[in-house]
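Examination of the molecular architecture
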Amino acid sequence: MSMGEKSAYDVLYERGFIEQVTEEEPIRELLKGKGITCYIGFDPTAASLHIGSLVPIMSLVHMQLCGHRPIALVGGGTALIGDPSGKTEMRRIMTRDEIDVNAEAIKGQLSQYLDFGEGKALLLNNADWLADLNYVEFLRDIGRCFSVNRMLTAESYRMRLEKGLSFIEFNYMLLQSYDFYYLCKQYGCILQMGGNDQWGNILAGIDLTRRLEEKKTYGMTFPLLATSQGHKMGKTEKGTVWLDASLTTPYDYFQYWINTEDADVKRFLSLFTLLPIEEIRKSEKLVDSELNMAKAVLAFEATKITHGHDAAVAAWGAAVNTFGLKPVSPDLFPSSSIPRTHMSQDISAVPTVAKTREEFVTGIPAFELFYDVDLCASKGEARRVISQGGGYVNGEQIQAFDEKISIKHLNENGEIDLRKGKKQHRKIKVS
RNA sequence: GGAGGGGUUCCCGAGUGGUCAAAGGGAGCAGACUGUAAAUCUGCCGGCGAAGCCUACGGAGGUUCAAGUCCUCCCCCCUCCA
């Protein structure tokens, strides 16, 4: 490795990934080399990962880029139990089938980010070794290594002792510890990473591995993702932004990032893009329209990583057309592949609904159309929104909620542009 | 197993038998101001609708002209005691 090259630790540190490590110096040394095997677990509690998982995912991406071997562990087995960490109450217990379906979907998603080619990374499911454990054997071999007294002092459990904690959840820590032990033994994994709420579970795994294998292992946690407003972006929050294109379109995904608060731009560029940190640092002093360009770059690069270059370009193009997004100056973020000039009128990324010409001959009341194209969740909401001045056809504010939208609103391309508020567009293609 | 306290609309949380689609806060949506930002202010915030109707307060029954509010049984959660 050449002198100037950054180690994985340096990269993760300077990009703001590291919240806590078990032992800073040894880990720093360890990551200077190559071929370290590390792992992060992903819970298959939903059919798709969401933005909250992006920090762990990106950390694995960096590890791989630095020549290490990440293991992405889908928690098909642990999900059967339910992790109480960071939860204020017990989660619904999921069925085996639900979890299996989710686990498969998540495997596919992780493949978008990591190269699971031979020896480069591993994609495992802990159901493979947890589901068939024998209870008595497990208690004798693993259970004896855990002190209940000590477990009760863990923050994640202490919190739950106020509200109630079931025995099944109390065992989660043992299973996750067993995972680490297992991965260490089978794959030589010596570093477990995860969100900061995983700190207790990670420490427990390190202890177990030392007791059973007499091997030294390490842990690292990431800050839990929140906006500078303190809003969580977790999956239990409203408005979840999924990584699956069918749940959150690339266009909406792009829009999510471009709406980033000013104060978060630099941090998010560091965490969610692969742009060189030196270029990102320069974004700190950007203001006004240049800061918005930085947001465009953030949105573009983040969308590219998740949905690919073409989808990112399409989403960018739609933003240019719809919001008059300015092209990014060539001297800002030179490493970004964001298009720097306007291109042809491609706003295909704006959700489009096909309609027949007949439907518009007599005209359709605006509120019904808003409901129909899914801009509003109910006709009642549509009435309210339009009555309050939040409805637009072709950029013109709609005056009455039952105003008829008809063929006279068609533009030269045979389209009608509907808009709710400032940001939510829907295009109607009439044929 | 015993005693007590709870389960309310997306979340938290108030709720005297009628004036409860249900206070208040948060989230969300829209308007103004802006930079597709934040902050702030304003309006909205179960569904369908012209009035009005329908669906909701853990579940099932019951009392009543009328029940989130009373009774019975069941389910779940919490606290203390065993």
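Keep in mind that this is a model prediction, so the values were computed, not measured. Position labels on residues start from 1 in each chain and follow its written sequence. All chains are assigned letters beginning at A, and all ligands numbers beginning at 1, according to the order in which they are written. Side-chain atom pairs in this predicted model are given and counted only at pLDDT of 80 or more, local residue features only at pLDDT of at least 70, and totals for whole chains, interfaces and linings cover all residues. Only hydrogens and water are removed before side-chain values are computed, so all heavy atoms of the structure are retained for them.

1. Overview of the overall build of chain A
The criterion, for reference: Helix and strand labels come from DSSP, where a helix needs a run of H or I of at least four residues and a strand needs a run of E of at least two; each type is numbered from the N terminus. Any residue under 20% of the maximum accessible area for its type is buried, any over 50% is exposed, and the rest in between are partly exposed; the area is computed with a 1.4 Å probe on protein chains only. Any two residues whose heavy atoms approach within 4.5 Å at even a single point are treated as in contact. Residue exposure ignores everything except the shown protein chains as possible cover, and the areas themselves are Shrake-Rupley values with a 1.4 Å probe. In this tally, Lys and Arg are treated as positive and Asp and Glu as negative; His is ignored, and so are the chain termini. Here the site of a charge means atom NZ of a Lys, CZ of an Arg, CG of an Asp or CD of a Glu.
Within chain A, the regular secondary structure consists of 19 helices and 13 strands. Principal-axis analysis of the C-alpha atoms places the extent of chain A at approximately 75 × 50 × 40 Å. Counting the 431 residues in chain A, one finds 50% classified as buried. Contacts spanning at least 24 positions in sequence make up 75% of the contacts within chain A whose residues lie at least 6 apart. About 20,300 Å² of surface is accessible on chain A, with carbon and sulfur atoms providing 50% of the total. Distance between charge centroids for chain A: 2 Å, based on 49 positive and 56 negative side chains.

2. Describing the sheet that holds strand S9 (residues 391–393)
This is how the line gets drawn: Two strands are said to pair when DSSP picks up at least two bridges between them.
Spatial strand order, S7-S13-S12-S9-S10: five strands in an open sheet with mixed pairing. A single partner strand is all that each edge strand has here, and the edge strands are strand S7 (352–355) and strand S10 (396–397). Here S9 runs beside S10; their pairing, made up of two bridges, is antiparallel. Each residue of the ladder has a partner; that of Val-393, found in S10, is Glu-396.

3. Section: the packing of helix H10 (residues 172–187) against helix H11 (residues 199–213)
Note the cut-off: Structural elements are reduced to axes, namely lines fitted to C-alpha atoms, with helices fitted over the stretch in contact, and the angle between N-to-C directions of any two is expressed from 0 to 180 degrees. Orientation categories follow fixed angle ranges, with anything under 35 degrees roughly parallel, anything over 145 roughly antiparallel, 65 to 115 roughly perpendicular, and all other angles oblique. Take the far helix as your reference; a near helix turned counterclockwise from it by less than a right angle gives a left-handed crossing, and one turned clockwise gives a right-handed crossing. Under this grouping Gly is polar, as are all residues other than the nonpolar Ala, Val, Leu, Ile, Met, Phe, Trp, Tyr, Cys and Pro and the charged Asp, Glu, Lys and Arg.
Two numbers describe how H10 lies on H11: the axes approach to 8 Å, and their chain directions differ by 50°. As summarised for this structure, H10 and H11 are arranged oblique, according to the angle between their axes. Judged by the twist between their axes, the crossing of H10 over H11 is right-handed. Contacts between H10 and H11 pair Tyr-172, Met-173, Gln-176, Ser-177, Tyr-178, Phe-180, Tyr-181, Cys-184 and Lys-185 from the former with Gly-200, Asn-201, Ile-202, Ala-204, Gly-205, Ile-206, Leu-208, Thr-209, Leu-212 and Glu-213 from the latter. Broken down by class, the residue content of the contact of H10 with H11 amounts to 11 nonpolar, six polar and two charged.

4. A few points about the nonpolar core
Our working rule: Each nonpolar core is a collection of buried residues, namely Ala, Val, Leu, Ile, Met, Phe, Trp, Tyr and Cys, held together in the definition by side-chain atoms within 4.5 Å. Residue ranges assigned to the domains are those given by an automatic or database domain assignment.
Grouped together as the largest cluster of nonpolar side chains are 72 residues, with contacts concentrated most on Leu-31, Ile-57, Met-193, Met-220 and Trp-257. Taken domain by domain, the makeup of this core includes at least three residues from each of domain 1 (8–222) and domain 2 (235–348). Those residues in contact with Met-220, other than ones at most four positions away along the chain, are Tyr-9, Leu-12, Ile-18, Gln-20, Val-21, Ile-27, Leu-31, Leu-191, Gln-192, Met-193, Gly-194 and Ile-202.

5. Describing the confidence of the model for chain A
Filter applied, for reference: Confidence of the predictor at the level of single residues is captured by pLDDT, which takes values from 0 to 100.
In the predicted model, chain A carries a mean pLDDT of 87, and 91% of its residues have values of at least 70. Contacts from residues 234–238, a stretch scored under 50 in pLDDT, to residues over four places away or in other chains number seven contacts.

6. Quick notes on unusual backbone geometry
Although it is not a glycine, Glu-214 adopts a positive phi angle of roughly 55°. As for its placement among the helices and strands, Glu-214 is situated in the loop between H11 and strand S6 (218–222). The residue Asn-394 is not glycine, and still its phi comes out positive at about 50°. Tracing the backbone shows Asn-394 in the loop between S9 and S10. Residue Asn-394 is classed as partly exposed on the basis of its relative accessible area of 33%.

7. Comments concerning the domain arrangement of chain A
The condition is simple: Any carboxyl oxygen of Asp or Glu that lies within 4 Å of a side-chain nitrogen of Lys or Arg is treated as forming a salt bridge with it. Pairing of N or O atoms within 3.5 Å defines a polar contact, subject to two protein rules: one partner must be a possible hydrogen donor and the other a possible acceptor, and residues neighboring in sequence count only if both atoms are side-chain atoms.
Along its sequence, chain A is organised into domain 1 (8–222), domain 2 (235–348) and domain 3 (351–430). Linking domain 1 with domain 2 are zero salt bridges. Counting the contacts that link domain 1 with domain 2 gives seven residue pairs in polar contact (both at pLDDT 80 or more). Elements that contribute at least two residues to the side of domain 1 that touches domain 2 include exactly helix H3 (54–65) and helix H4 (96–113). Counted by class, the side of domain 1 that touches domain 2 contains 11 nonpolar, seven polar and three charged residues.

8. What to know about the packing of helix H15 (residues 288–307) against helix H16 (residues 309–323)
Put simply, H15 and H16 touch, their axes get as near as 7 Å, and they point 145° apart. Remark: the crossing between H15 and H16 carries right-handed chirality. Seen from H15, the contacting residues are Phe-300, Thr-303, Lys-304 and His-307; seen from H16, they are His-309, Ala-311, Ala-312, Val-313 and Trp-316. The residue makeup of the contact of H15 with H16, split by class, is five nonpolar, three polar and one charged.

9. Description of the packing of aromatic side chains
How we decide: Aromatic rings from Phe, Tyr and Trp, with only the six-membered ring used for Trp, were paired whenever their centres fell within 6.5 Å, and each pair was classed as stacked if the ring planes differed by under 30 degrees, edge-to-face if by over 60, and tilted otherwise.
Under the defined criterion, the tally for this structure stands at 13 aromatic pairs. Taking 6.1 Å as the distance between ring centres and 75° as the angle between the ring planes, the aromatic pair formed by Tyr-253 and Trp-257 counts as edge-to-face. Highlighted residues: Tyr-253 and Trp-257, both in helix H12 (residues 250–258), separated by four residues, approximately one helical turn. As far as burial versus exposure is concerned, Tyr-253 and Trp-257 are alike and both buried. For the pair Trp-257 and Phe-272, a centre-to-centre distance of 4.8 Å together with 45° between the ring planes defines the contact as tilted. A residue pair is termed long-range when its members are at least 10 positions apart, and Trp-257 in helix H12 and Phe-272 in helix H13 (residues 265–272) qualify at 15 residues.

10. Regarding H15
Note the cut-off: Multiplying 1.5 Å by the residue count of a helix minus one yields the expected span of that helix.
If you check H15, its first and last C-alpha atoms are 28 Å apart, about what 20 residues at 1.5 Å a residue would give, namely 28 Å. Across the 20 residues of H15, 15 count as buried, placing the element largely inside the fold. Within two residues after H15, Gly-308 carries a phi angle of roughly 95°, on the positive side.

11. Regarding the side chain of Glu-301
When you line up the elements, Glu-301 lands in helix H15. With a relative accessible area of 5%, Glu-301 lands in the buried category. Of the polar contacts made by the side chain of Glu-301, one reaches the backbone nitrogen of Ser-337; its length is 3.2 Å.

12. Quick notes on the pattern of salt bridges
Side-chain pairs of opposite charge can arise whenever the charged atoms involved come near each other. A full pass over the atoms with the stated rule returns 20 salt bridges. Note that Glu-29 and Lys-32 form a salt bridge whose closest N and O atoms lie 3.2 Å from each other. Residue Asp-372 is joined to Lys-355 by a salt bridge in which the shortest nitrogen-to-oxygen separation is 2.4 Å. Taken together, the residues Asp-372 in helix H18 (residues 366–372) and Lys-355 in strand S7 connect sequence positions 17 residues apart. The exposure class of Asp-372 is partly exposed, given its relative accessible area of 43%.

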